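Chains, contacts and geometry: an overview
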Amino acid sequence: MTTTPIRGKAASAGPAQQPFSYPLRREFVEPDWRRLPGYKDVTQAEWESSVWQRKHTVKNLKELKATLGHFLPDDLLASMERDQQERATMSILVPPQMLNTMDETDLWNDPVRRYMLPAFDDRHPEWPNHPKASRDSLHEADMWAVEGLTHRYPTKVLAEMLPTCPQYCGHCTRMDLVGNDVPQVQKHRFNIGQKERYEQMLDYLRRTPTVRDVVVSGGDIANLPIQALEPFVSALLDIPNIRDIRLASKGLMAIPQHFLQDSVLQGLERLAKKANERGVDLALHTHVNNARQLTPLVGKAVRKLLDMGFRDVRNQGVLLRGVNSTPKDLLELCFTLLDHAKILPYYFYMCDMIPNSEHWRLSVAEAQKLQHDIMGYMPGFATPRIVCDVPFVGKRWIHQIAEYDQERGISYWTKNYRTGIEGNDPDALSRKYEYFDPIYTLPESGQQWWRDQAKAA
């Protein structure tokens, strides 16, 4: 057999052995919920009902034990109970859809369980909490133009519509506001009624033509009745300077049944039609952290949104140790998003510096290596950017670092715009802003430096 010369050479290239193997091996199916003791008699019609999913959402450890039965080890149950009393910043709230994506045969190591139902023994024994951690680590409330409307970037705002979600995640960056009180955190509350807050937000946007982009979030818009969400978004579409609207919902993954209800689909379709008529891009952003959480029901909901005219459905995940912190886990998630769910991998944020989050957080150096290791596998438009959300700065690609003291785990970042609270501060654009690695990733000398700092304080 002869080969045809190409540019004077015989063709010899072909598939090579790679660190990550494609195509995906995991079968894309809805896990059989009937394998779990609490769901053994649940019909398909019940499972696909949003009302049933919400009614049977697990709200405490007693309900969790009743659902998982013998699959839930006693030592794990005890560790989760201790965590709720001593460490957790979020109360328990997990829909059946999410419980069904966990590996019931190894719950201690299951990645979904690790961030949705944290255990005390998951936490780092010496450094459960960074000394620089804060409840509102991104200072979003400090940047409220009106209550619930964060004006952080020059042309973009965040509208926090409500303080609840269909599920609560241990690493929630808005743990300061979202969810129920827990022993460690008395949650803050909105002071103004919902209707008045919404009108104040809209009034500010009508008076501020520099804003073109609104993220409609919370909490989670999946917990906002469509009868409240639709008129607010429709009013945004009537403001001439608004050109991009992003609806933010982890609920798309947590309870896709919500987005498959006729009333919700009809309301969203009316918004998509109006957005297209106005030349406004309407997209939905979700938050999936592990490939196990994607099922055909999620894909079905996404296709409905795309078919009705949504510009994109995009994923903004969070890097979490033990959940998606290896190239293999991250690539499997990205390909599952892209191939099966038709969701565009978009961002992966470093876990924010909220209290008791240290065991999840990666260092900047680790994040930089992850970005390196996932490059070249996916098409460029679908290769996610790993970003660091730096307090008082905003999102920065992980390699946009200005300086980095890896001995002490302190990185320094700059920015090219002022936030609303800085006004005309002449130093805002020349200042270097600090960000801190988790202490346990530092060399012993760096850890000792932090111990000395803590003693001095």
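The rules behind these values
Residues numbered from 1 in each chain as written. Predicted model: local features only at pLDDT ≥ 70, side-chain atom pairs only at ≥ 80, totals over all residues. Heavy atoms only, no water. Helix = DSSP H or I, 4+ residues; strand = E, 2+ residues; numbered from the N terminus. Rg over C-alpha atoms; globule rule 2.2 N^0.38 Å. Buried < 20%, exposed > 50% of the residue type's maximum accessible area, 1.4 Å probe, protein only. Contact = heavy atoms within 4.5 Å. Areas by Shrake-Rupley, 256 points an atom, 1.4 Å probe, with all protein chains shown as cover. Lys, Arg positive; Asp, Glu negative; His and termini not counted. Charge placed at Lys NZ, Arg CZ, Asp CG, Glu CD. Pairing = 2+ DSSP bridges. Axes fitted to C-alpha atoms, helices over the stretch in contact; angles between N-to-C directions. Parallel < 35°, antiparallel > 145°, perpendicular 65-115°, else oblique. Left-handed = near helix turned anticlockwise from the far one by under 90°. Right-handed = clockwise from strand over helix to strand, strands pointing away. Core = buried A, V, L, I, M, F, W, Y, C linked by side-chain atoms within 4.5 Å. Arc of directions from axis to C-beta. Polar contact = N/O pair within 3.5 Å; in protein donor to acceptor, adjacent residues only side chain to side chain. Expected span 1.5 Å × (residues − 1). Phe/Tyr/Trp six-rings, centres within 6.5 Å; stacked < 30°, edge-to-face > 60°. Lys NZ or Arg CZ within 6 Å of the ring centre and 35° of its normal.

Okay, the overall build of the protein chain next. The helix and strand inventory of the protein chain stands at 15 helices and 15 strands. On C-alpha atoms alone, the protein chain measures out to a radius of gyration of 23 Å, which is about the 23 Å that the 2.2 N^0.38 rule sets for 457 residues. Here the C-alpha coordinates of the protein chain stretch approximately 70 × 65 × 60 Å along the principal axes. With 457 residues in all, the protein chain has 56% of them scored as buried. In the protein chain, 75% of the contacts between residues at least 6 apart in sequence involve partners at least 24 apart. Total accessible area computed for the protein chain in this model is approximately 20200 Å², and 50% of it derives from carbon and sulfur atoms. Averaging the coordinates of the 57 positive side-chain charges in the protein chain and doing the same for the 58 negative ones gives two points 4 Å apart.

The subject of this paragraph is the environment of M350. Along the chain, M350 falls in strand β10 (residues 344-350). Sequence separation between M350 and I92 is 258 residues; the distance between their C-alpha atoms is 23 Å. In this view, M350 contacts V318, L362, S363, V364, A367, V387, C388, I398 and Y435; residues no more than four positions away in its chain are not counted.

What follows deals with the pairing of strand β5 (residues 156-160). Of all 5 residues that make up β5, 4 are buried, and the element is covered over most of its length. Where strand β4 (residues 149-150) and β5 come together, 2 bridges link them in antiparallel fashion. Across the sheet, L149 pairs through a bridge with A159, a residue of β5. Here β4 hands over to β5 after 5 residues, the two strands then running antiparallel side by side. Note: β5 against strand β6 (residues 213-217), 5 bridges, orientation parallel.

Cis geometry is found at the peptide bond from Y22 to P23, where omega equals 10°. Residue G219 follows G218 across a cis peptide bond; omega there is 20°. Examined against the element boundaries, G219 turns out to sit in the loop between β6 and α8 (226-237). Even without glycine at this site, F392 takes up a positive phi of about 65°. By secondary structure assignment, the location of F392 is in the loop between β11 (385-390) and β12 (394-397).

With that settled, consider the packing of helix α13 (residues 327-341) against helix α14 (residues 364-374). Viewed as axis vectors pointing N to C, α13 and α14 meet at an angle of 55°, and their least axial separation amounts to 10 Å. As far as their axial angle goes, α14 and α13 are oblique. For α13 against α14, the interelement crossing comes out right-handed. Of the residues in α14, those in contact with P327, L330 and L331 of α13 are L370, D373 and I374.

This part is about the sheet that holds strand β15 (residues 433-436). One open sheet accounts for 3 strands, arranged β13-β14-β15; its pairing is antiparallel. A strand with exactly one partner marks an edge of an open sheet, and here the two such strands are β13 (403-405) and β15. Each adjacent strand pair in this sheet contributes to an overall mean axis angle of 20°, direction not counted. Relative to strand β14 (residues 410-413), β13 runs antiparallel, the two being bridged by 3 bridges. In the sheet register, E403 faces β14, and the bridge partner there is Y412.

This next bit is on the pairing of β11. For β11, a buried count of 5 out of 6 residues is recorded, marking the element as mostly surrounded by other parts of the structure. Inspection of the sheet shows β10 paired to β11 by 3 bridges, in the parallel sense. What sits directly across from Y349, in β11, is V387. As for the winding sense of the linkage, the β-α-β connection from β10 through α14 to β11 is right-handed.

Moving on: the environment of L282. Position of L282 among the secondary structure elements: in strand β8 (residues 281-286). Here the alpha-carbon distance between L282 and F310, two residues 28 residues apart in the chain, equals 5.5 Å. Ignoring sequence-local partners within four residues, the contact set of L282 consists of I245, L247, L271, A272, A275, F310, R311 and D312.

Another aspect to go through is the nonpolar core. Core analysis: the largest hydrophobic core is formed by 123 residues, its most contacted members being V216, I245, L247 and L268. The element that contributes the greatest number of residues to this core is α8, accounting for 8 residues. If near-sequence neighbours (up to four positions away) are discounted, I245 is found in contact with V214, V216, V233, L236, L237, V280, D281, L282 and A283. If you look at the next biggest cluster of nonpolar residues, it comprises 10 residues, including M90, C165, M175 and V185.

Let us now look at helix α3 (residues 61-68). For α3, the full list of buried residues reads L61, L64, T67 and L68. Seen from one end, α3 has its buried residues packed into an arc of 115°, which puts them on one side. Those residues of α3 that are exposed and angled more than 90 degrees off the buried face are K62 and A66. Of the surrounding secondary structure, the elements contacted by the buried residues of α3 are α4 (74-86) and α5 (96-99). The N-terminus of α3 is capped by N60, whose side-chain oxygen sits 3.2 Å from the backbone nitrogen of K62. Where α3 terminates, the next one or two residues include G69, which has phi positive at roughly 55°.

This part covers helix α7 (residues 194-206). Here α7 is 13 residues long and its end C-alpha atoms lie 18 Å apart, about the 18 Å a rise of 1.5 Å per residue gives. Taken residue by residue, α7 has R197, Y198, M201, L202, Y204 and L205 as its buried positions. When α7 is viewed along its axis, its buried side chains cluster within an angular range of 160° and face the same direction. On its buried side, α7 packs onto β3 (144-146), β4, β5, β6 and α8.

Evaluated as defined, the whole model comprises 14 aromatic pairs. Taken together, F20, Y22, F335 and Y377 form an aromatic cluster joined through their ring pairs. The ring of F120 carries the charged tip of R82 above its face, separated from the ring centre by 3.6 Å. For the cation-ring pair, K156 lies above Y153, with the distance from its terminal atom to the ring centre recorded as 4.3 Å.

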